[in-house]
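An overview of the molecular structure
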Amino acid sequence: MTILVGRLSRVTCKFVAIVPIFDAMRIIVILLLFFWSFSALAQTNVSGTITDATTHQPLPFASVYINFTTIGLYSDERGHFTLTNIPMGRHELIVSRVGYVTSQRTFEVNDSTALTFNVRLVGITLKEISVTAKKDKQWENQLKRFNVLFFGKNVQQRQCTILNPWVLEFSEDATGRFSANASSNLIIDNLGLGYKVLYQLKKFEYTPSNYSILGVAWFQEIPTYDTALLDLWIRERRKVYFGSATNLLASLTRKSLQKDGFELYQDITNSPEVVRKSSFTANLNSSIAPLDINNLVKKGHNSDQFFLNLPSKMEVHYIKGRSIPIIYRNVAVPISWIEIKKGSILEVNGSGVLMNPAVMTLSGAMSEPKIADLLPMNYSPGAADSQPVITNAETETQYLLERTHVHTDKTYYYSGERLWFKCYMKYISRAYQDSLSNVLYLDLVDKNNVVVVSKLLLIDTLGAAIGSIDLSKVGPGAYQLRSTTRWMLNYDKSFIFTKTIGILEDDEVVVKRQIDTLSSLRAFVGTTDRASYRRGDTVAMTIPTHDNDGSAVACNLSVSVAPWTYSSLGKEAPDIYTKLSFSDQAISTPASQSHSIQYGIDIKGTAEIKRQKKKSGGPMVLLAQEGTADIINTRAARDGSFSINSLQLYDTMKLSMQAISLKGNRRGLIKIDSAEKILIPPMPFTALTDEIVKAEIPRRPVAPELSGPVQILKEVVIESDGPRKVVGSATHLTADVVVTGEDLRNADSGDLLGMLQSKVSGLRIATFIDNGVVRKYFKLGGSFTFDKNPLHHEPVVLIDGSVISNQGGETAAEQVSRLTASMIDRIEVIKFGNGAAYGARGANGVIAIYTRTDSYKRKVLDPLDRSLFTPIRVKGYSTTTTFKDYPSYPTGATIYWNPSVTLRAGGERTLKFLIPDVRGKYAIHVEGLSADGRPLKAVCLIDITD
């Protein structure tokens with residue numbers, strides 16, 4: 001538990017629990033770091049179970065961590081947890097969960113014997129958190145003041161952000177006492193040091209004479225694939241560590257003060273105040289004298305325990321640092337003072353962590369760091385930071401594993417119907433999702449392994465792809481649905497998804513199925529308002545956003561309603577739990593890496609320039625999309641062959657290409673050989689064993705694209721106490737999300753990017769390093785096709801209809817960050833394929849900002865002479881249609897399909913639809929993934945009578 005207690009002072013910082021009152025010119029900052037000791041000789045595991053103190057039911061997904069370290073995790077579905085490699089010494093175990101009182105327990109590790117704790121959390125009634133107009137200008141000013149007092153005024157503070165500031169409430173009385181309370185854990189993004197910190201603020205109070213901060217924290221390293229950014233974080237962490245009190249105490253135990261850059265002087269004045277002459281040499285042997293520590297350090301009962309018998313007052317100079325001369329005119333290094341309670345001996349470990357902090361007071365340079373400068377107590381500058389950066393192929397492929405599962409609306413179809421599907425991607429490490437495939441292949445093949453239908457799908461940022469297959473030209477028989485990414489082909493065939501599909505004759509019906517509904521109860525249950533309905537009734541299926549153990553989860557789901565004998569629930573159907581799991585054997589380097597990770601559509605061809613000599617090298621090939629100013633260039637080989645990779649193209653796109661010789665001849669001949677496509681290897685068929693019989697009356701064929709004048713099915717209705725859905729008028733007919741300016745102003749925390757990220761699902765503010773500076777950019781879709789520059793990962797961003805460019809090297813996110821909510825009329829967000837009208841970069845999505853004025857309008861010109869380009873057509877990502885109703889439902893027809901059901905954590909969603917003119921037993925089938933990547937499945941069977 002960390003306590004920072006302060007009193008406005010000049011140079012005093014104490015590591016104590018209670019602060020004495022000093023004169024009004026002093027600043028006291030106290031860090032009670034609770035007892036901590038590290039030892040490589042004795043480490044153990046700590047495990048246990050977390051339960052509700054009232055119901056005694058297990059509590060899954062609670063935060064369990066050792067205070068102020070990176071050692072932590074979330075409890076599993078049964079409430080179990082195991083923390084491994086806990087060093088010897090005293091520690092504080094923190095267990096917290098939303099809706100419960102946090103548990104804090106101090107324990108000690110003396111040997112390698114495993115420890116077990118059973119933690120019972122007491123529930124509390126949470127107050128509703130609402131972001132309203134109450135967050136006024138006064139609150140904004142108070143937040144700014146809090147940030148300065150909480151983080152400090154250094155470089156790290158400028159890169160610290162509270163991602164959920166709306167949980168803070170402030171108060172100030174007539175005496176000047178300024179206090180803050182947080183209704184839930186503060187989520188802190190420290191881009192200066194590369195940590196995401198979950199901080200539970202227990203007390204924050206500031207007065208004209210003192211201040212105090214009390215809390216506990218869990219450090220989590222921010223993942224990055226940018227080695228330059230990782231190097232920057234390592235350097236910044238070392239800057240914070242070296243010269244700190246922890247560094248000093250560690251140097252004392254090693255007796256390496258001179259090597260580590262510390263000079264210690266004993267105060268010989270016996271004065272309660274620090275009084276110095278302006279010349280340092282004038283103070284030597286007068287008020288201070290060099291300190292010899294050889295006989296002051298003793299080892300404890302184990303190799304990692306030390307006792308320091310230091311004088312009551314010392315002055316510390318860190319000669320490896322630089323500082324503006326404040327105390328001495330001729331000493332430009334950081335200077336600190338240490339005061340130890342008389343008769344006390346410091347107990348520390350080899351890492352420099354103080355085990356009895358109440359006896360030591362720090363002041364001066366060592367008192368200045370605040371929350372922004374805190375490092376986890378298990379940080380070691382000599383150890384490599386555990387960032388998941390790709391260092392070599394073997395390390396990379398251990399985490400670059402992905403699988404796919406396809407949820408279809410049914411198993412049995414008739415010619416003329418449409419097969420609806422949604423593909424889900426599962427990643428062994430979600431931190432690597434951005435580095436994995438953006439393209440998914442899906443084929444429908446017959447028993448002779450002939451591809452009947454082929455789909456090329458774009459995987460969205462949620463790890464899903466939606467589509468449909470027109471079966472009007474597919475004859476009766478058994479077919480196999482196969483799906484894979486190019487990268488998955490490097491592994492064994494078990495990574496390829498397969499499912500057998502039956503196409504029936506018009507006079508055939510399915511009369512018997514073997515359905516195992518119990519398997520759906522593993523993690524997810526949906527319920528209907530009743531079991532039996534009549535035609536014309538409304539079905540209401542409640543889909544909870546928590547699992548059977550009561551843990552709140554957000555979900556990305558697809559829902560189908562079809563006759564149960566035709567549904568996708570037979571025992572032969574692939575199980576989402578099995579298909580989206582990784583065995584221990586799979587975590588290995590693939591046998592081959594001949595199939596690279598695919599980020600977009602790849603094309604290849606040849607470019608020929610007449611009368612160009614081969615030895616002069618191949619021509620330059622330019623590629624542009626009609627209606628845009630985007631252009632890509634690549635150099636062809638000497639034989640004229642070229643390839644362009646990672647294009648983001650939708651349906652059949654109109655492109656223009658041009659070959660230019662080294663001498664500027666623009667009359668080259670372009671030939672496209674193909675859009676590169678993988679061949680999914682043959683897979684064994686799974687036989688369909690259900691009972692199929694001839695019907696007395698053949699099924700009447702129905703054109704699936706026809707729709708009646710009456711809307712039978714209703715949209716999903718949200719019934720939740722969570723944040724309201726953002727709605728508003730949209731200029732773009734296909735806008736996925738519209739955020740109004742009024743909504744932004746009501747929730748304005750001063751951070752437009754943060755507010756936008758919280759309101760648009762899938763939108764992230766990503767970071768990268770550029771010339772030593774941490775930069776930000778929008779991340780909404782896949783990587784931009786033409787190169788790997790993070791600046792090109794951004795979606796198209798428009799202000800008042802005009803595209804904003806990377807002016808002066810600024811990203812679109814950085815330019816938008818200068819806007820305020822008061823300037824915004826509305827923001828329209830278009831995701832993925834709907835942005836194709838904006839060109840290739842539109843594949844990353846579109847963010848259209850409309851202000852209250854036209855001051856941001858500017859004109860974009862297309863400088864390309866299209867007459868010199870060769871028009872070509874390349875097949876892009878497959879498009880899909882919207883599920884439509886039938887005028888009357890024939891035998892076996894799906895009556896409802898919704899592939900885009902998104903659930904928020906903690907609420908419920910009620911799916912409502914009218915029963916059309918059908919009868920019989922129907923299956924409501926729900927599949928999907930939770931926000932943390934767990935597969936989910938639910939099944940409800942309902943009877944529809946006359």
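No experiment lies behind these values; they were computed from the predicted model shown.

**A few points about the overall build of the protein chain**
Of the regular secondary structure elements, the protein chain holds 10 helices and 56 strands. With 946 residues in all, the protein chain has 54% of them scored as buried. Taking the contacts inside the protein chain whose residues are at least 6 apart along the sequence as the reference set, 71% of them involve residues at least 24 apart. Working note: accessible area of the protein chain is about 41,900 Å², and carbon and sulfur atoms make up 51% of it.

**Focus: the sheet that holds strand E8 (residues 103-109)**
One open sheet accounts for 4 strands, arranged E5-E4-E7-E8; its pairing is antiparallel. On the outer flanks of this sheet lie strand E5 (72-74) and E8, each paired with one strand and no other. Geometrically, the sheet is characterised by an average inter-axis angle of 15° between neighbouring strands, direction not taken into account. Relative to E5, strand E4 (residues 63-66) runs antiparallel, the two being bridged by 3 bridges. Each bridged residue has a counterpart across the sheet, and for Val 64 the counterpart in E5 is Leu 73.

**What about the pairing of strand E19 (residues 305-308)?**
Note that strand E18 (residues 297-299) and E19 share 3 bridges and pair antiparallel. Its bridge partner being in E19, Val 297 is matched across the sheet by Leu 308. Taking the residues that link successive antiparallel strands as the turn, the E18-E19 hairpin has 5 residues. In terms of strand pairing, E19 meets strand E22 (residues 346-349) through 4 bridges, oriented antiparallel. Bridging from a neighbouring strand, Leu 308 pairs with Leu 346 of E22.

**Some words on the nonpolar core**
Phe 146, Phe 150, Leu 186, Ile 188, Tyr 199, Leu 201 and Phe 204 are the most contacted members of the largest nonpolar core, which totals 36 residues. Counting residues per element, the ones that place at least two in this core are helix H1 (137-151), strand E10 (160-162), strand E11 (168-172), strand E12 (178-182), strand E13 (186-190), strand E14 (195-206), strand E15 (211-221) and helix H3 (227-241). Core analysis: the next-biggest nonpolar cluster, separate from the first, contains 32 residues, Leu 401, Leu 444, Val 453 and Ile 501 among them.

**Digging into the packing of aromatic side chains**
Counting across every chain of the model gives 23 aromatic pairs. Between Phe 170 and Phe 178 the ring centres are 5.8 Å apart and the planes differ by 20°, which places this aromatic pair in the stacked class. Both residues of the pair, Phe 170 and Phe 178, belong to the buried class. Counting every residue linked through ring pairs, the aromatic cluster contains Trp 139, Phe 146, Phe 150, Phe 151, Phe 170, Phe 178, Tyr 199 and Phe 204. Sitting above the plane of the Tyr 195 ring, Arg 237 keeps its charged end 4.1 Å from the centroid. Over the face of the ring belonging to Tyr 850 we find Arg 826, whose NZ or CZ atom lies 4.0 Å from the ring centre.

**Some points on the confidence of the model for the protein chain**
Should the pLDDT be low somewhere, the predicted coordinates at that spot are not to be read in detail. Chain-level pLDDT for the protein chain is 77 on average; 75% of the residues reach the 70-or-more range. In the model of the protein chain, strand E2 (residues 13-15) stands out as the element of lowest mean pLDDT, 28, in contrast to strand E30 (residues 477-484), which has the highest, 96. In the predicted structure, residues 704-729 sits below a pLDDT of 50 and forms 67 contacts with residues beyond four places in sequence or in another chain.

**Points about H1**
In a regular helix each residue adds 1.5 Å, so 15 residues correspond to 21 Å; H1 covers 21 Å between its end C-alpha atoms and thus fits that length. The complete set of buried residues in H1 reads Trp 139, Glu 140, Gln 142, Leu 143, Phe 146, Leu 149, Phe 150 and Phe 151. Two residues or fewer after H1 comes Gly 152, characterised by a positive phi angle close to 105°.

**Things to note about the environment of Ile 824**
Here Ile 824 lies in strand E50 (residues 824-830). Along the backbone, Ile 824 and Asp 743 are 81 residues apart, and their C-alpha atoms lie at a distance of 10.0 Å. In this structure Ile 824 touches Gly 741, Leu 744, Arg 745, Leu 819, Ile 849, Tyr 850, Thr 851 and Arg 852, once residues within four positions along its chain are discounted.

**Details of the pattern of salt bridges**
Charged atoms that come close allow side chains of opposite charge to pair. The full count for this structure, using the stated rule, is 19 salt bridges. Between Asp 946 and Arg 535 there is a salt bridge, with its nearest N and O atoms 3.5 Å apart. Here Arg 535 lies in the loop between strand E34 (532-534) and strand E35 (538-544) and Asp 946 lies in the segment after strand E56 (935-945), a separation of 411 residues in the sequence. Given a relative accessible area of 57%, Asp 946 falls into the exposed group. The class for Arg 535 is partly exposed, based on a relative accessible area of 32%. Notably, a salt bridge pairs Glu 828 with Arg 826, separated by 2.9 Å at the nearest N-O pair. Here the salt bridges share partners, and the residues they tie into one network are Arg 535, Asp 917, Arg 919 and Asp 946.

**Brief notes about the sheet that holds E18**
Ordered in space as E18-E19-E22, the 3 strands form an open sheet in which the pairing is antiparallel. Looking at which strands have only one partner, the edges of the open sheet turn out to be E18 and E22. The mean inter-strand angle of the sheet, taken between neighbouring strand axes irrespective of direction, is 30°. The strands that helix H4 (residues 245-254) touches are E18, E19 and E22; relative to E22, the one it contacts most, it runs at about 90°.

**Describing unusual backbone geometry**
A positive phi angle, close to 60°, is found at Phe 61, a residue other than glycine. Along the chain, Phe 61 turns up in the loop between strand E3 (43-52) and E4. Accessibility expressed as a relative area gives 21% for Phe 61, which makes it partly exposed. In this structure, Phe 68 takes a positive phi of about 60° despite not being glycine. Tracing the sequence through the fold places Phe 68 in the loop between E4 and E5.

**Quick notes on the environment of Glu 572**
By the element assignment, Glu 572 lies in the loop between strand E36 (555-563) and helix H7 (576-579). Along the backbone, Glu 572 and Ala 687 are 115 residues apart, and their C-alpha atoms lie at a distance of 7.8 Å. Once residues lying within four places of it in the same chain are set aside, the contact partners of Glu 572 are Thr 411, Arg 513, Thr 686, Ala 687, Leu 688 and Asp 690.

**Brief notes about the environment of Pro 272**
Structurally, Pro 272 is set in the loop between strand E16 (262-267) and strand E17 (288-290). Here Pro 272 falls in the exposed class, since its relative accessible area comes to 65%. Taking the C-alpha atoms as reference points, Pro 272 and Lys 313, separated by 41 residues in sequence, lie 9.5 Å from one another.

**A closer look at the side chain of Arg 403**
Mapped onto the secondary structure, Arg 403 falls in strand E24 (residues 402-408). No salt bridge is formed by the buried Arg 403; its nearest oppositely charged neighbour, Asp 492, is found at 5.6 Å. Looking at Arg 403, its side chain comes within polar contact range of the main-chain oxygen of Ser 494, at 3.1 Å. Polar contacts involving the side chain of Arg 403 include one to the main-chain carbonyl oxygen of Ser 581, which spans 2.8 Å.

Definitions and cut-offs
Each residue is numbered by its place in its chain's sequence as written, counting from 1. Residues qualify for local features only when their pLDDT is at least 70, as the model is predicted, and side-chain atom pairs are given and counted only at 80 or more; totals for whole chains, interfaces and linings, by contrast, use all residues. Calculation of side-chain values draws on the structure's entire complement of heavy atoms; hydrogens and water are dropped beforehand. Starting at the N terminus, helices and strands are each numbered in turn, a helix being any DSSP run of H or I of at least four residues and a strand any DSSP run of E of at least two. Burial classification: accessible surface area is computed with a 1.4 Å probe over protein chains only, and a residue below 20% of its type maximum counts as buried, one above 50% as exposed, and the rest as partly exposed. We call two residues in contact when some of their heavy atoms are within 4.5 Å. For the area figures, the Shrake-Rupley method with a 1.4 Å probe applies, and any residue is considered shielded solely by the protein chains shown. Strand pairing is assigned whenever DSSP identifies at least 2 bridges connecting the two strands. Each axis is a line fitted through C-alpha atoms, and for a helix only the stretch in contact is used; angles between axes span 0 to 180 degrees, taken between their N-to-C directions. Buried residues of nine kinds, namely Ala, Val, Leu, Ile, Met, Phe, Trp, Tyr and Cys, make up a nonpolar core once their side-chain atoms join them within 4.5 Å. In summary, the pairing rule links any two rings of Phe, Tyr or Trp, Trp by its six-membered ring, whose centres are within 6.5 Å, and it sorts them by plane angle into stacked for under 30 degrees, edge-to-face for over 60 and tilted for everything else. By the criterion adopted, a ring carries a charge over it if an Arg CZ or a Lys NZ lies within 6 Å of its centre and within 35 degrees of its normal. pLDDT expresses how confident the predictor is about each individual residue, on a scale running from 0 to 100. Multiplying one less than the number of residues by 1.5 Å gives the expected span of a helix. Criterion for a salt bridge: a side-chain nitrogen of Lys or Arg within 4 Å of a carboxyl oxygen of Asp or Glu. Residues counted as positive are Lys and Arg, residues counted as negative are Asp and Glu, and His and the chain ends are not counted. We call two N or O atoms a polar contact when they sit within 3.5 Å, provided that within protein one can donate a hydrogen and the other can accept it, with sequence-adjacent residues counted only if both atoms are side-chain atoms.

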